[in-house]
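Remarks on the overall topology
Residues per chain, in single letters:
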Amino acid sequence: MGLELYLDLVSQPCRSVYIFAKKNGIPFEFKHVLLFKGQHKTEEFAKVNVLGKVPALKDADFTLSESIAILLYLARKFKTPDHWYPSDLQKRARVDEYLSWQHVATRLCGTKVFLIKALAPIFLDEPLPPAKLNGALEDLNGVLKQFEEKFLQDRPFIVGNEISLADLVAIVELMQPVAAGCDVFEGRPKMAAWRRRVEEAIGKDLFLEAHEPILKPKDMTTESLPPEVKEQLKQSLLKYLK
Ligand SMILES: N[C@@H](CCC(=O)N[C@@H](CS)C(=O)NCC(=O)O)C(=O)O
């Protein structure tokens, strides 16, 4: 059995894994786990990832969760070009620095804006108080400032002149609020120019293909969800938005 990747491209960590695998010609079977159908909560999927989250990887009898671990596994196993995860000690440390920081920064704040603007209206019966969105936007703006000043500075990419895993993980994350109608690149010319470079380095077609499910959502509805799955997803959303 070959490599299987369990993904739903509405999820930003899934997009980083998908783009990385496709861009590097890594052969894999795309296993679609539809979050909006609650397929990540099934017993079958628990055999691949007991945490019930995507992305997940299965390589023969080896299973792995967590997008960063998956990206590094693929980079090492398939010996992808050096610029993705440079062998140079300090360049690699810069990639590691961003990958460590983003969990509680771009990831956390971008996701929150997306959940409040795009998912809360679908799952919740009552609108959230406006202060929730304002607080989330304020946090996101603070993080974007840090991203520009510390991680991007005046460089073409986070680690100099070539794209790395840090840029890939950053772009998919920042597209999440964009998809929810909050264009984080507007009024930020340095970041907008970086986005164009990253899109070009990935390839415009692949970038668009990976982002289509979030930019032109078709499956983001709870209509076909069994009530108990809808309730389960609603509860995880509420927990996240506390
Ligand atoms: N830290 C994990 C996060 C995985 C994650 O939270 N995935 C979300 C989609 S973006 C998910 O599967 N959520 C379903 C749930 O929590 O019920 C990673 O980077 O892979």
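Sequence order as written defines residue numbering, which begins from 1 separately in each chain. Per-residue local features are limited, in this predicted model, to residues with pLDDT of at least 70; the limit for side-chain atom pairs, both in listing and counting, is 80 or more; totals at the level of whole chains, interfaces and linings are taken over all residues. Excluding hydrogens and water, the side-chain figures rest on all heavy atoms present in the structure.

A word on the side chain of Thr222. The numbering of helices and of strands both runs from the N terminus, where a helix is a DSSP run of H or I of at least 4 residues and a strand a run of E of at least 2. When you line up the elements, Thr222 lands in the loop between helix H9 (204–215) and helix H10 (227–241). Exposure is judged per residue with a 1.4 Å probe applied to protein chains only, and the accessible area is read against the type maximum: over 50% gives exposed, under 20% gives buried, and values in between give partly exposed. Relative accessible area serves as the criterion here: at 15%, Thr222 is assigned to the buried category. Contacts between residues were defined by any pair of non-hydrogen atoms, one from each residue, lying within 4.5 Å. Other than its neighbours up to four places away in sequence, Thr222 contacts Ile122, Phe123 and Lys230.

Moving on: the site of the ligand. The local shell around the ligand consists of Ser11, Gln12, Pro13, Leu35, His40, Lys41, Lys53, Val54, Pro55, Glu66, Ser67 and Arg107. Each polar contact in these results corresponds to two N or O atoms within 3.5 Å; when the atoms are within protein, one needs to be able to donate a hydrogen and the other to accept it, and residues that are neighboring in sequence are counted only if both atoms are side-chain atoms. Residue Glu66 places a side-chain N or O atom 2.7 Å away from a nitrogen atom belonging to the ligand. Within the side chain of Ser67, a nitrogen or oxygen atom sits 2.7 Å from an oxygen atom of the ligand. Surface burial for the ligand is 80%, taken as the share of its 500 Å² of free accessible area covered by protein chains. Of the residues contributing to the shell around the ligand, the split by class is 4 nonpolar, 4 polar and 4 charged. We define proximity as follows: a residue is near a molecule or strand when any one of its heavy atoms falls within 4 Å of that partner. Per-residue and other accessible areas were derived by the Shrake-Rupley procedure at a 1.4 Å probe size, with only the shown protein chains allowed to occlude residues. Residues are grouped as follows: Ala, Val, Leu, Ile, Met, Phe, Trp, Tyr, Cys and Pro are nonpolar; Asp, Glu, Lys and Arg are charged; every other residue, Gly included, is polar.

On to the sheet that holds strand S1 (residues 3–7), then. Any two strands with at least two DSSP-identified bridges between them are counted as paired. Pairing is mixed in the open sheet, where 4 strands are placed in the order S2-S1-S3-S4. The sheet is open, and its two borders are formed by strand S2 (29–32) and strand S4 (62–65), each paired with just one other strand. Taking the axes of each pair of neighbouring strands and ignoring which way they run, one obtains an average angle of 20 degrees across the sheet. Sheet topology places S1 next to S2; 4 bridges connect them, and they run parallel. Counterpart to Leu5 in the pairing with S2 is Phe30. Fitted lines through C-alpha atoms give the axes, limited to the stretch in contact for helices. The angle between two N-to-C directions lies from 0 to 180 degrees. Against the sheet, helix H1 (residues 12–23) engages S1 and S2, with an angle of about 145 degrees to S1. Packed on one face of the sheet, helix H3 (residues 67–77) meets S1, strand S3 (56–59) and S4 and runs near 130 degrees to S4.

Bringing the UniProt feature "domain: GST N-terminal" (unreviewed entry) in the chain into the picture now. When the UniProt feature table is mapped onto this chain, "domain: GST N-terminal" (unreviewed entry) is found at residues 1–82. Across residues 1–82 one finds 33% helix and 21% strand; the C-alpha atoms that close the span lie 28 Å apart. UniProt positions are given in the numbering used here, feature names are shortened, and annotations may be inferred rather than shown by experiment.

So, on to the pairing of S4. Pairing of S3 with S4, which is carried by 4 bridges, proceeds in the antiparallel orientation. In the sheet register, Lys58 faces S4, and the bridge partner there is Thr63. Counting the residues in the hairpin turn of S3 and S4 gives 2 residues, including Ala60, whose phi is positive at 55 degrees.

The terminal C-alpha atoms of H10 lie 21 Å apart, and with 15 residues this matches the ideal 21 Å at 1.5 Å per residue to within 8%. Among the residues making up H10, those that are buried are Val229, Leu233, Lys234, Leu237 and Leu241. Considered in projection along H10, the buried side chains sweep an arc of 135 degrees and stay on one side of the axis. Of the residues in H10, the exposed ones pointing more than 90 degrees away from the buried face are Glu228 and Lys239. Residues of H10 that are buried make contact with helix H5 (106–123) and helix H6 (130–152). An expected span of 1.5 Å times one less than the residue number is assigned to each helix. Within this analysis, the arc is defined by the directions that extend from the helix axis to the C-beta atoms.

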